[in-house]
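Here's the letter readout for the chains.
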Amino acid sequence: MTTLFTATVLGSPRIGRNRELKKVVEAYWAGRADAAALAAVGADLRRQTWTDLRDAGLDSIPVNTFSYYDQVLDTAVLLGALPDRVAGIDDDLDRYFAAARGTDSVTPLEMTKWFDTNYHYLVPEITPSTSFALDASKVLGELGEALELGIAARPVIVGPVTFLLLSKAVGSEAPLLDRIDELVPLYADLLTQLHDAGAEWVQIDEPALVADRTPEEIATAKRVYDQLSAVETRPAILLASYFGSLGDALPAIASTGVEGIAVDLVAGSDTLAAVPELTRKHVVAGVVDGRNIWRTDLENALTTLGTLLGSTGSLAVSTSCSLLHVPYTLQAEKNVDKALRSWLAFGTEKVREVVTLATALTEGRETVDEEFALARAAASTRTTDPRLRDNAIRARLETILASDPGRSPADQRRPAQAALELPLLPTTTIGSYPQTTAIRVARAALRKGEIDDAEYLIRMRAEIADVVALQEELGLDVLVHGEPERNDMVQYFAEQLDGFFATENGWVQSYGSRCVRPPILYGDVRRPNPMTVSWITYAQSLTQRPVKGMLTGPVTILAWSFVRDDQPLADSANQVALAIRDETVDLQGAGIRIVQVDEPALRELLPLRAAEQTAYLDWSVGAFRLATSGVADSTQIHTHLCYSEFGEVIDAIANLDADVTSIEAARSHMEVLGDLNAVGFDLGVGPGVYDIHSPRVPSVEEIAASLKEALEAVPAERLWVNPDCGLKTRSPVEVEASLRNLVDAAKLVRAGL
Ligand code: GLN
Ligand code: ZN
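None of these values were measured; they are calculated from a predicted model.

Reading the values: rules and limits
- Residues numbered from 1 in each chain as written.
- Chains lettered and ligands numbered in written order.
- Predicted model: local features only at pLDDT ≥ 70, side-chain atom pairs only at ≥ 80, totals over all residues.
- Helix = DSSP H or I, 4+ residues; strand = E, 2+ residues; numbered from the N terminus.
- Contact = placed C-beta atoms within 7 Å.
- Expected span 1.5 Å × (residues − 1).
- Buried ≥ 20, exposed ≤ 12 C-beta atoms within 10 Å, placed from the backbone.
- Core = buried A, V, L, I, M, F, W, Y, C linked by C-beta atoms within 7 Å.
- Pairing = 2+ DSSP bridges.
- Axes fitted to C-alpha atoms, helices over the stretch in contact; angles between N-to-C directions.
- Right-handed = clockwise from strand over helix to strand, strands pointing away.
- UniProt positions renumbered as here; feature names shortened; annotations may be inferred.
- Parallel < 35°, antiparallel > 145°, perpendicular 65-115°, else oblique.
- Left-handed = near helix turned anticlockwise from the far one by under 90°.
- Near = placed C-beta within 6 Å.
- Nonpolar A, V, L, I, M, F, W, Y, C, P; charged D, E, K, R; others polar.

Chemist: Please provide a residue-by-residue account of the overall build of the protein, values included.
Modeler: Counting secondary structure elements, the protein contains 26 helices and 20 strands. Projected onto its principal axes, the C-alpha positions of the protein cover 80 × 60 × 50 Å. Taking contacts inside the protein between residues at least 6 apart in sequence as the whole, the part at least 24 apart equals 76%.

Chemist: Before we move on, can you summarise helix α14 (residues 391-403) with the specific residues and values?
Modeler: Between the first and last C-alpha of α14 there are 18 Å, a value that for 13 residues agrees with the 18 Å anticipated at 1.5 Å per step. The buried count for α14 comes to 1 of 13 residues, which makes it a mostly uncovered element.

Chemist: An account of the nonpolar core is requested, with residue identities and associated values reported.
Modeler: Proteins that are soluble and globular tend to have nonpolar side chains buried together. Grouped together as the largest cluster of nonpolar side chains are 219 residues, with contacts concentrated most on Ala 285, Val 317 and Leu 357. Not counting chain neighbours up to four residues away, the residues in contact with Val 317 comprise Thr 6, Ala 7, Ala 285, Val 287, Leu 305, Val 354, Leu 357, Ala 358 and Leu 361.

Chemist: Any details on the sheet that holds strand β18 (residues 636-641)? Residues and values, ideally.
Modeler: Overall, parallel pairing links the 5 strands, which are arranged β16-β17-β18-β19-β20 in an open sheet. Where the open sheet ends on each side, the last strands, each with one partner, are β16 (548-552) and β20 (684-687). Strand-to-strand, the axes of this sheet are offset by a mean angle of 20°, without reference to chain direction. Relative to β18, strand β17 (residues 594-598) runs parallel, the two being bridged by 5 bridges. Across the sheet, residue Val 595 finds its bridge partner in β18, namely Ile 637.

Chemist: Got a sec to walk through the pairing of strand β8 (residues 236-240)? Specific residues and values, please.
Modeler: The buried fraction of β8 is high, at 4 of 5 residues. What joins strand β7 (residues 201-205) to β8 is helix α8 (residues 215-229), and the crossover it makes is right-handed. Inspection of the sheet shows β8 paired to strand β9 (residues 260-264) by 3 bridges, in the parallel sense. When the sheet's bridge partners are listed, Leu 239 is paired in β9 with Ile 261.

Chemist: Tell me about the sheet that holds strand β5 (residues 153-158), and name the residues and values.
Modeler: Pairing within the open sheet is parallel, and its 7 strands lie in the order β1-β5-β7-β8-β9-β10-β11. Looking at which strands have only one partner, the edges of the open sheet turn out to be β1 (61-63) and β11 (314-319). Mean inter-strand twist for the sheet, computed between neighbouring axes without regard to direction, equals 30°.

Chemist: So, the UniProt feature "binding site: Zn(2+) 1" (unreviewed entry) in the protein: which residues are in play, and what are the values?
Modeler: In this structure's numbering, the residues bearing the UniProt feature "binding site: Zn(2+) 1" (unreviewed entry) are His 640, Cys 642, Glu 664 and Cys 725. Spanning 86 residues, the named residues nonetheless gather at one spot, since no C-alpha pair among them exceeds 8.3 Å. Relative to the helices and strands, His 640 resides in strand β18. Residues contacting His 640, with those up to four places away along its chain left out, are Ile 430, Gln 596, Asp 598, Pro 600 and Ser 662. With respect to the secondary-structure elements, Glu 664 resides in the loop between β19 (660-663) and α24 (671-678). Those residues in contact with Glu 664 that lie beyond four places of it in its chain are Leu 641, Cys 642, Tyr 643, Gly 688, Asp 724 and Cys 725.

Chemist: Which residues make up the UniProt feature "binding site: L-homocysteine" (unreviewed entry) in the protein, and what values go with them?
Modeler: The positions UniProt marks with the feature "binding site: L-homocysteine" (unreviewed entry) are Ile 430, Gly 431, Ser 432, Glu 483 and Asp 598. A compact arrangement is adopted by the annotated residues: their sequence extent is 169 residues, whereas the largest C-alpha distance between any two is 12.9 Å. Looking at the element boundaries, Ile 430 is found in the loop between α15 (410-416) and α16 (437-447). For Ile 430, the contacting residues outside a window of four places in its chain are His 640, Ser 662, Asn 722, Pro 723, Cys 725 and Gly 726.

Chemist: So what's going on with the packing of helix α21 (residues 569-589) against helix α22 (residues 613-628)? Residues and values would help.
Modeler: The geometry of α21 relative to α22 is characterised by a closest axis approach of 7 Å and an angle of 20° between their N-to-C directions. Put simply, α21 runs roughly parallel to α22. In this structure, α21 crosses over α22, and the sense of that crossing is right-handed. Each of Ala 570, Ala 573, Asn 574, Ala 577, Leu 578, Ile 580, Arg 581 and Thr 584 in α21 lies in contact with α22, whose residues at this interface are Trp 619, Ser 620, Ala 623, Leu 626, Ala 627 and Thr 628.

Chemist: Run through the site of ligand 1, naming residues and quoting values.
Modeler: Around ligand 1, a shell composed of 13 residues is seen, among which Ile 430, Gly 431, Ser 432, Pro 600 and Gly 726 lie nearest. Here the shell around ligand 1 is composed, by residue class, of 6 nonpolar, 4 polar and 3 charged.

Chemist: Lay out the packing of helix α25 (residues 700-713) against helix α26 (residues 732-751) with the relevant residues and their values.
Modeler: It is the contact of α25 with α26, at a shortest axis distance of 8 Å, that shows an interaxial angle of 50°. With respect to α26, the axis of α25 lies oblique. Taken as a pair, α25 and α26 cross one another with a handedness that is right-handed. Across from Val 700, Ile 703, Ala 704, Leu 707 and Lys 708 in α25, the residues of α26 making contact are Asn 741, Leu 742, Asp 744, Ala 745, Leu 748 and Val 749. The class makeup of the residues in the contact of α25 with α26 is 8 nonpolar, 1 polar and 2 charged.

Now the structure itself:
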């Protein structure tokens, strides 16, 4: 008889409460820690995580959610699907990290966003000659460690359907899902090995099933789980979905022999009662939001759970997805005011909510009355707190939304901007310059109180002066101040806007060893003071050439924050847009003639289901336009986009109506220009002419060749010359050499026009 657990989570954070994993992994890369030290920290973190979850009261605990870099890369290792180019590296760990990060001679796997989260996974490459082979050592190792500790361990693996749908086919046009029959026997073998090693349950993650899938893909998934559930010796299978509704995939997988199904009842809205097969399944109900940081409305969640009792075989309470996406614990935050604290729940607090709900279900609500009372009290102050409703801001927003005519048509703006007197093929950069040691030292010193604001200002101004002088010397046409004062392009603004809270220790993994601290948007947004004007005007005071003001757009600010769940995202976007709009107007008033509003995350928030995409694009484009339509025709608005394929948002990019759009293009051979033409885009465009992600300095010829390629798609009057993205991660030496070549290439191509 399989144990029917009652309380679990689908996965947990793994970087360590104090980013221990980041520190040791980076030390290993730098040669300051050896493999044994790395292994020891990993083992410690796992033990700590599992025992914490057990002590908190979970009765089934996910294992194999630990990773030195990424769980999809781990799955590629599990299935023998690392690319050939790393096969020659003997050491297992070095081969693994080479696939993740590259070496001098090996390019890494591509990285892309994990569904609509801010986590990035490595994209496995599958070629016709990839011959899959099982290597279960990692998952068996972690299972063994956990069982040894007496943990009710449930190994977690990425499922075969999701693995293939997320991988990239190299050297073949055929859909990778056609290769599924090569994987099923490996998973079958794995199931038996896990069973023999003592696993009672296995969690197989198939989040790809919550996106739009064709009937054929759904039929394939059904067939796979028919086959896997027919394996004779195996653990019970929990098929886990998250990040949305399963839709048509739900009845399909419910009709297979898997014992359990995890459904996301926060992001998704599946009607479980409509699927009779679920009355024979163990349903793991994701009622505690695994992706956002708000305290759960326990009353509401318990009601949801109550309605499920009749339509499921048995029921467990869970988070909606892995807790990978939220910080470890609220206890690490010292500076949260009492009210805000009471509204929040990070990882540990969410686990407690799961346990509370499970206890309420199994032992009756009265046994956890106190927890319910606390949640209720928090919910009530969250509706009355004045910071959540600033009527003056709301009224002003309404007025502008109702009366703002938007910008004049582009052909009226163009002559108004002629006073900028820019040459053909104007050269510029995306905003940031290298974050030098001097900058980091100054920031740390300010934080520790070793220097005061005045000294910090002096040091940052020195950086700005250097960057401006460099750009003048190089002969760039539109200058930037270099963003030395910004730790992060979202946090910088969040720290200055009312309505946002910046955590002290709220780290979440973004990719590999990279962690971010998303700010929390909890209230109405107000801009108490200008945020960038003094820095930009200082830079402008040093040069005759135009300096671009540099702002982050409303969509990106939301995409990289934890957002309010008590109002539509569109409303929050407009409030942020209003603050950015006020900043553009202030910059203009201070004599700045070009303002760039970055929206690198425009594509990121695109909903997984096509049916929801139009509404998203409407409000996101609307927010950008609100942010940028307060200025005169003579002020040139730039925007910048990167990090993605733009196919699905190409119309939206055109609709942003920015005078100039700089866009990542170097790695995709300017393809985006043809796509923009196809939607009638006829504004300024700066396709990145070299890839800033690589330390390589591009030659003049190479950049000139890119420009000529671009000129086949775009007339010279509209073409700008710039790198792919900001330069903050590059070294000063690389930047100077690359930009020198960029300016020379522009001159060369200009001369030939
Ligand atoms: N202006 C920002 C920079 O240059 C843009 C960064 C980005 O696109 N992510 O750093
Ligand atoms: Zn960028």
